[in-house]
Amino acid sequence: MTSTATPPANRSRATLAISAAIVGALVVLFFVFANVYTDILWFDQLGFLNVLTTQWFATGGMFLVGFLGMFLPVWASLQIAYRARPVYAKLNSQLDRYQEVVEPLRRVAMLGIPAVLGLFAGVTAAGQWQMVLQWWNRTPFGQVDPQFGLDISFFVYELPFWRGVIAFASAVVLLAGIAAVATSYLYGAIAVNGREIRISRTARIQLALTAAIYIALQGVSIWFDQYATVIQPSDGFLAIGAGFTEVNSTIPSRGILAGIALLVAALFVITAVIGRWRLPIVGTALLLVSGLLIGSVYPWIVQRFQVEPNAREFEAPFIERNIEATRDAYNVSGIEEISYDAVTDAEQGALREDAETTANIRIIDPALVTEAFAQLEQFRQYYQFPEFLDVDRYEIDGRTQDTVISLRELNPDGQTSQNWYNNTIVFTHGYGVVAAYGNQRTDDGRPQFLEGGIPASGSLTSELGEYEPRVYFGEFSPTYSIVGGGDNLELDFPSEGNEDQAGNATYTFTGDGGPTLDNVFKRLLYSIKFQSEQIFLSEAVTDDSQILYERNPVERVQKAAPYLTLDSDPYPAIVDGRIVWIVDGYTTSASYPYSTTVALSEAIADTYTPAPAFPLDQINYIRNSVKATVDAYDGSVTLYAWDTEDPILQTWQKVFPNTLESAEGMSEQLLSHVRYPADLFKVQRNILGAYHVTDPGSFFSTDDEWRTPNDPTSLAAAPTLQPPYYLTMQVPGADAPGFTLYSTFIPRTASENERNVLTGYLAANADPGEDYGKLTLLTLPSQTIPGPGQVQNQFNSDPIVANDLALLQRGETEVLRGNLLTLPIGGGFLYVQPVYVQSTGETSFPLLRKVLVAFGDSIAFEDTLDEALDSLFGGDSGAAAGDGDVDPVDPTDPTDPTDPTEPTDPTEPGTGVEISAELAQALQDARQALLDREQAYADNDLVAAAEADERLQEAIERALALSD
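All figures in this text were calculated on a predicted structure; none of them were measured in a lab.

Draft legend 1. The overall build of the protein, seen in detail. Helix and strand counts for the protein come out as 26 helices and 33 strands. For the protein, the proportion of its 964 residues judged to be buried stands at 52%. Taking all contacts inside the protein whose residues are at least 6 apart in sequence as the whole, residues at least 24 apart take part in 69%. Surface summary for the protein: the accessible area is close to 43300 Å², and the carbon and sulfur share equals 54%.

Here it is in structure tokens:
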């Protein structure tokens with residue numbers, strides 16, 4: 001009788017588990033491979049494959065260095081401690097039990113522990129690839145710091161590198177020492193018997209030398225800490241940099257401590273030879289006590305008892321260093337300061353010499369007309385516009401024209417039928433540019449478009465020239481689209497009057513915008529990458545198909561130039577027959593000696609840019625070193641070296657050669673749309689709030705600090721800073737008008753009683769050319785010019801304006817106040833604010849109905865800017881505004897596209913609205929009381945002013961009661 005033996009069940013389960021693990025590992029590896037290979041395809045198609053490979057080699061090399069740098073010393077330390085263990089060591093029962101547990105795993109542990117630590121060290125080191133590559137390719141700045149006389153590049157590149165190396169080496173030595181102590185104790189080389197500690201000779205040598213190396217590293221670290229004083233906050237007045245205390249106590253103290261540390265390290269070496277621990281222990285205690293007394297207590301005494309009583313005098317030379325370095329680092333040292341003695345009287349003909357500026361005053365608010373663009377130019381629910389539109393300029397009929405511009409981008413969530421085929425194959429791109437004159441409006445208050453509509457043909461010809469209108473790459477593009485497969489599967493643009501897709505124009509992408517899906521393997525990889533089996537199975541995907549992804553212009557530039565910090569506001573322009581996105585790139589550092597540090601994301605926060613919850617992007621050096629373009633049709637990225645003198649950019653050009661093109665290769669049309677970037681300007685205005693002061697004494701007293709005013713149109717409960725605005729105007733001191741970016745300053749106070757008066761006006765020339773980026777600061781000798789907050793309060797509290805606005809807002813409408821612009825013209829400052837009216841209905845949008853203007857203490861409120869300026873300046877401003885030919889529509893006109901509203905000014909003849917005689921008299925009384933009050937203040941008659949105030953209040957209350 002025979003029988004068949006069955007394999008043990010546990011062996012079958014083990015085989016199955018091993019097979020499953022192998023299959024699982026292969027699947028994971030294939031997923032990793034899919035992401036790696038698709039990255040190669042994407043970068044290769046974009047033309048920046050060397051950027052990816054350089055990052056990989058650098059990251060891989062740094063990981064290897066970090067891994068081996070940790071693995072080998074720890075492994076060697078474990079091996080030495082084990083191999084040098086006493087053979088006949090007498091162990092206690094507890095250590096015997098430990099050995100019984102550890103011994104079976106010893107071989108694994110001696111490799112596993114160093115390997116695990118090496119993995120962590122490798123990952124940490126890999127994250128420092130940028131710092132290492134900058135150090136390896138460092139470029140001198142050609143300037144030296146005022147304390148040590150070293151080139152700035154030492155602090156930007158070398159100091160962070162060497163401090164990082166020392167910190168890494170210290171961690172390695174410390175862990176190696178801990179491993180040696182643990183192994184020596186476990187195997188009896190270190191024995192503890194009560195208060196007695198016995199250490200074998202080999203363990204003593206190993207531990208003493210390890211301690212010597214560690215202490216020596218701390219000494220070198222302390223030595224480098226001397227140099228760090230110029231890039232760290234001071235114990236005294238300075239925000240950044242070595243002050244009197246650091247120069248006269250901290251820096252010498254650290255030099256002394258470094259010497260003591262090296263002496264203690266030598267004592268440990270002696271101990272390794274002679275076997276006596278007393279000297280290094282005493283030396284270590286001396287080092288700790290010295291660190292406390294010399295490194296902390298002594299500088300505190302100097303600061304408290306020598307510097308603070310005479311801080312203004314003692315800190316003056318170091319404040320001067322800080323001012324000079326900060327202005328250099330933020331590129332504001334060449335600012336032109338002009339004392340501007342602004343007038344406040346609105347005299348007739350005052351704007352005659354500013355006619356060109358007046359004609360270009362922008363009355364279209366890019367933050368308010370988005371809904372108007374959407375209602376008038378969106379056409380279909382699958383198109384959209386951004387929340388804030390952009391401001392640019394174009395040459396129209398030989399004249400520069402400020403425009404409010406945006407792209408009609410695709411809205412992936414706006415389709416009524418959501419499925420993979422529609423989302424990926426059909427709805428692939430937006431269509432066309434929409435642009436409005438910045439200084440014009442229609443009779444009924446709509447933007448006056450100079451570019452808009454969707455034609456019946458595939459190309460657009462307009463005031464802006466003929467261009468390729470399709471937008472495959474934009475701020476709202478889908479995650480990915482598959483195009484170019486043939487058969488005109490893509491919806492190009494909707495046919496007029498046709499709500500369904502039948503009859504709509506179709507299109508097939510003809511550019512080179514993404515990796516091709518020309519074989520089954522690539523389709524499988526992208527199916528895995530985007531977790532969509534349809535990419536692999538759909539018949540719409542052919543060998544001619546391309547897959548477009550990473551389509552946001554900022555993200556594309558960031559991948560092509562990972563070393564850049566990018567501006568938060570890319571903007572579109574029509575250049576040489578194409579729509580391109582223009583993106584500004586910055587090189588930054590936080591290691592410029594003596595330069596004050598700011599959080600970049602916090603410095604650029606305003607009404608248009610939200611403030612971060614936890615700003616971590618500290619910088620103290622910035623340059624607009626790169627101008628980048630992204631083609632909206634095929635996504636091609638071009639990087640232009642804009643600031644070729646920037647040493648940080650020169651360093652990165654060595655790291656990534658042949659990725660930047662010369663700015664001399666930029667076309668004339670492209671140059672005409674380059675502008676000074678807003679984020680850089682906001683950082684500079686943040687710095688100049690304090691650093692417009694160059695006298696150390698005044699800077700110390702902070703008696704002339706400024707700040708950016710709050711946006712007067714923001715919510716009082718959550719105010720935001722007023723953003724800078726682009727305008728074409730002639731700044732005082734300039735030879736001709738130019739495209740300009742400006743901002744205002746008011747005094748910075750610690751109390752709540754802040755004076756909202758102008759103290760400064762900062763303007764940057766935004767036009768490329770010899771004066772590109774030139775900063776002009778108008779300083780006001782007398783702080784009597786009302787700031788934006790005061791002017792907005794004037795507008796809101798004026799009885800006539802308040803009544804007109806109240807009447808506009810009655811019914812189912814609301815009043816929206818546009819951006820409050822400030823222009824240095826007419827010898828003073830002119831404020832301009834458009835006023836919009838919007839129905840509360842679902843399909844309504846803001847219409848520009850009125851314009852508020854102010855000059856000094858005088859204000860005017862009219863239907864057009866041209867009328868308002870004439871009214872403000874005695875009946876004739878001396879210059880015409882851009883909306884002079886507008887014939888405003890009566891808000892009560894039934895043909896008005898918004899819901900009917902109350903009349904804007906019932907006291908004006910010809911409105912067709914009847915009001916009671918009592919209300920008309922109340923309004924007239926209020927006007928007269930206001931005039932009487934102004935005259936009383938001018939005569940310094942406070943009694944008459946108080947009486948006029950009472951009459952004004954009574955008249956307003958009477959008018960409001962009669963209006964109900």
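Draft legend 2. Quick peek at the pattern of salt bridges. This structure, assessed with the given rule, holds 20 salt bridges. In this structure, the salt-bridge partner of Arg-408 is Glu-377, at a minimum N-O distance of 3.0 Å. Of the two residues, Arg-408 sits in the loop between strand S6 (399-407) and strand S7 (409-410) while Glu-377 sits in helix H12 (residues 370-377), which places them 31 residues apart along the sequence. For the salt bridge of Asp-863 with Lys-850, the shortest nitrogen-to-oxygen distance reads 3.0 Å. Taken together, the residues Asp-863 in the loop between strand S33 (858-862) and helix H24 (865-872) and Lys-850 in strand S32 (residues 847-855) connect sequence positions 13 residues apart. On the basis of relative accessible area, Lys-850 is assigned to the buried category, the value being 2%.

Draft legend 3. Representation of a negative patch on the surface within the structure. Taken together, the side chains of Glu-320, Glu-324, Asp-695 and Asp-703 define an acidic patch exposed on the protein surface. Glu-320 gets classed as partly exposed once you look at its relative accessible area, which sits at 45%.

Draft legend 4. Representation of empty space enclosed by the protein within the structure. According to the stated counting rule, one finds four cavities of 30 Å³ or more in the structure shown. Taken as a whole, the largest cavity holds about 70 Å³ of empty space. Ile-425, Ile-482, Val-483, Gly-484, Gly-485, Gly-486, Leu-489, Glu-490, Tyr-507, Thr-508, Ala-540 and Ser-545 are the residues that line the largest cavity. Looking at the lining of the largest cavity, its residues break down into six nonpolar, five polar and one charged.

Draft legend 5. Here's a closer look at the sheet that holds strand S9 (residues 433-441). Sheet architecture is open: four strands sit in the order S5-S6-S9-S10, paired in antiparallel fashion. At either end of the open sheet lies a strand with only one pairing partner, and these are strand S5 (390-396) and strand S10 (447-451). When strand polarity is set aside, the average angle formed by the axes of neighbouring strands in this sheet is 45 degrees. Pairing of S5 with S6 involves seven bridges; the strand directions are antiparallel. Directly across from Glu-395, in S6, lies its bridge partner Thr-400.

Draft legend 6. Highlighting the environment of Gly-635. Topologically, Gly-635 is positioned in the loop between strand S21 (621-631) and strand S22 (637-641). Residue class for Gly-635 comes out buried when judged on its relative accessible area of 0%. Spatially, the C-alpha atom of Gly-635 lies 5.6 Å from that of Gly-513, the residues being 122 residues apart in sequence. Those residues in contact with Gly-635 that sit more than four places away from it in its chain are Leu-46, Phe-473, Arg-556 and Val-630.

Draft legend 7. Up close: the confidence of the model for the protein. Per-residue pLDDT for the protein has a mean of 87; in total, 90% of the residues score no lower than 70. Note that pLDDT drops below 50 for residues 456-461; the model gives that stretch 18 contacts with residues more than four away or on any other chain. When the criterion is pLDDT under 50, residues 892-914 qualifies, and its contacts beyond four places in sequence or with other chains add up to 45 contacts.

Draft legend 8. Geometry of the pairing of strand S26 (residues 738-747). Burial within S26 is extensive, with 10 of its 10 residues counted as buried. Where strand S24 (residues 706-707) and S26 come together, two bridges link them in antiparallel fashion. Considered in S26, the bridge of Trp-706 is made with Pro-747. As paired strands, strand S25 (residues 725-729) and S26 are joined by five bridges and run antiparallel to one another. Within S26, the position partnered with Leu-727 by the bridge is Thr-740. Where S26 meets strand S27 (residues 760-765), six bridges bridge the pair, whose relative direction is antiparallel.

Draft legend 9. How the structure looks around the nonpolar core. With 133 residues, the main nonpolar core has Val-433, Ile-482, Ile-535, Ile-547, Leu-639 and Tyr-676 as its most contacted residues. Membership of the second largest hydrophobic core comes to 62 residues, among which are Ile-361, Val-404, Leu-830 and Val-832.

Draft legend 10. Spotlight on the packing of helix H7 (residues 201-228) against helix H8 (residues 244-274). It is the contact of H7 with H8, at a shortest axis distance of 8 Å, that shows an interaxial angle of 170 degrees. Accordingly, the angle class assigned to the pair H7 and H8 is roughly antiparallel. Residues belonging to the contact of H7 with H8 are distributed by class as follows: 20 nonpolar, four polar and three charged.

Draft legend 11. Region of interest: the packing of aromatic side chains. Applying the stated criterion to the full structure yields 51 aromatic pairs. For the ring pair Phe-855 and Phe-873, a centre distance of 5.2 Å and an interplane angle of 65 degrees mean the geometry is edge-to-face. Taken together, the residues span a long stretch of sequence, with Phe-855 in strand S32 and Phe-873 in the loop between H24 and helix H25 (917-938) at a distance of 18 residues. The same class applies to Phe-855 as to Phe-873, namely buried. Put simply, the rings of Trp-42, Phe-43, Tyr-480, Tyr-526, Phe-530 and Tyr-549 pair up and form one aromatic cluster. Residue placement shows Lys-529 over the ring face of Phe-530; its charged tip is 5.9 Å from the ring centre. Positioned above the aromatic ring of Tyr-571, the side-chain terminus of Arg-675 is 3.9 Å from the ring centre.

Draft legend 12. Main features of helix H20 (residues 678-691). Taking 1.5 Å of rise per residue, 14 residues should cover 20 Å, and H20 covers 19 Å from first to last C-alpha, within 8% of that figure. Burial of H20 is extensive: 13 of the 14 residues sit out of reach of the surface.

Draft legend 13. Highlighting the pairing of S10. In terms of strand pairing, S9 meets S10 through three bridges, oriented antiparallel. By the bridge assignment, Ala-435 is partnered in S10 with Glu-451. If you look at the hairpin formed by S9 and S10, you'll find five residues sitting between the two strands, and Gly-445 has a positive phi there, around 95 degrees.

Draft legend 14. Broad picture of the side chain of Thr-779. Position of Thr-779 among the secondary structure elements: in strand S28 (residues 775-779). In contact with Thr-779, other than residues within four places in its own chain, are Glu-337, Ile-338, Ser-339, Tyr-340, Trp-706 and Thr-759.

Draft legend 15. Quick peek at the side chain of Thr-210. With respect to the element layout, Thr-210 can be found in helix H7. Not counting chain neighbours up to four residues away, the residues in contact with Thr-210 comprise Val-173 and Gly-177.

Reading the values: rules and limits
- Numbering of residues starts from 1 in each chain and follows the order in which that chain's sequence is written.
- With the structure being a predicted model, the display of local features is reserved for residues of pLDDT at least 70 and the display and counting of side-chain atom pairs for 80 or more, all residues being used for whole-chain, interface and lining totals.
- Hydrogens and water are ignored here; the side-chain numbers use all heavy atoms of the structure.
- Segments assigned H or I by DSSP are reported as helices when at least four residues long, segments assigned E as strands when at least two residues long, and all are numbered from the N terminus.
- Categorising residues by exposure relies on relative accessible area from a 1.4 Å probe, with only protein chains included: less than 20% of the type maximum marks a residue as buried, more than 50% marks it as exposed, and the intermediate range marks it as partly exposed.
- Contacts are assigned to residue pairs with any non-hydrogen atoms lying within 4.5 Å of each other.
- Per-residue and other accessible areas follow the Shrake-Rupley method at a 1.4 Å probe size, with only the shown protein chains counted as cover for residues.
- Put simply, a salt bridge is a Lys or Arg side-chain nitrogen that is within 4 Å of an Asp or Glu carboxyl oxygen.
- Candidates for patches are residues over 30% relative accessible area with no salt bridge; among them, like charges are joined within 9 Å and nonpolar side chains (Val, Leu, Ile, Met, Phe, Trp, Tyr) within 5 Å.
- Positive charges are assigned to Lys and Arg, negative charges to Asp and Glu, while His and the chain termini are left out of the count.
- Charge placement uses NZ in Lys and CZ in Arg. For Asp and Glu, CG and CD serve respectively.
- Cavity: a set of points on a 1 Å grid over the protein atoms alone where a 1.4 Å probe fits but cannot get out. Pocket: an open set with protein on both sides within 12 Å along at least five of seven lines, its lining residues, like those of a cavity, having an atom within 4 Å of a point.
- Grid points are joined across faces, edges and corners, and a volume is the space filled by probe spheres set on the points.
- Polar here means any residue other than Ala, Val, Leu, Ile, Met, Phe, Trp, Tyr, Cys and Pro, which are nonpolar, and Asp, Glu, Lys and Arg, which are charged; Gly is therefore polar.
- One requirement defines pairing of two strands: DSSP has to find at least two bridges between them.
- Between the N-to-C directions of two axes lies an angle of 0 to 180 degrees, each axis being a line fitted to C-alpha atoms and, for a helix, fitted only over the stretch in contact.
- The quantity called pLDDT is the predictor's confidence in a given residue, expressed from 0 to 100.
- Each nonpolar core is a collection of buried residues, namely Ala, Val, Leu, Ile, Met, Phe, Trp, Tyr and Cys, held together in the definition by side-chain atoms within 4.5 Å.
- By the definition adopted for this analysis, an angle is roughly parallel if under 35 degrees, roughly antiparallel if over 145, roughly perpendicular if from 65 to 115, and oblique otherwise.
- Centres within 6.5 Å make a pair out of two Phe, Tyr or Trp rings, where for Trp the six-membered ring is used; the pair is then stacked when the planes are under 30 degrees apart, edge-to-face when over 60, and tilted otherwise.
- Two limits define a charge over a ring: the Lys NZ or Arg CZ must be within 6 Å of the ring centre, and within 35 degrees of the ring normal.
- To estimate how far a helix should reach, multiply one less than its number of residues by 1.5 Å.

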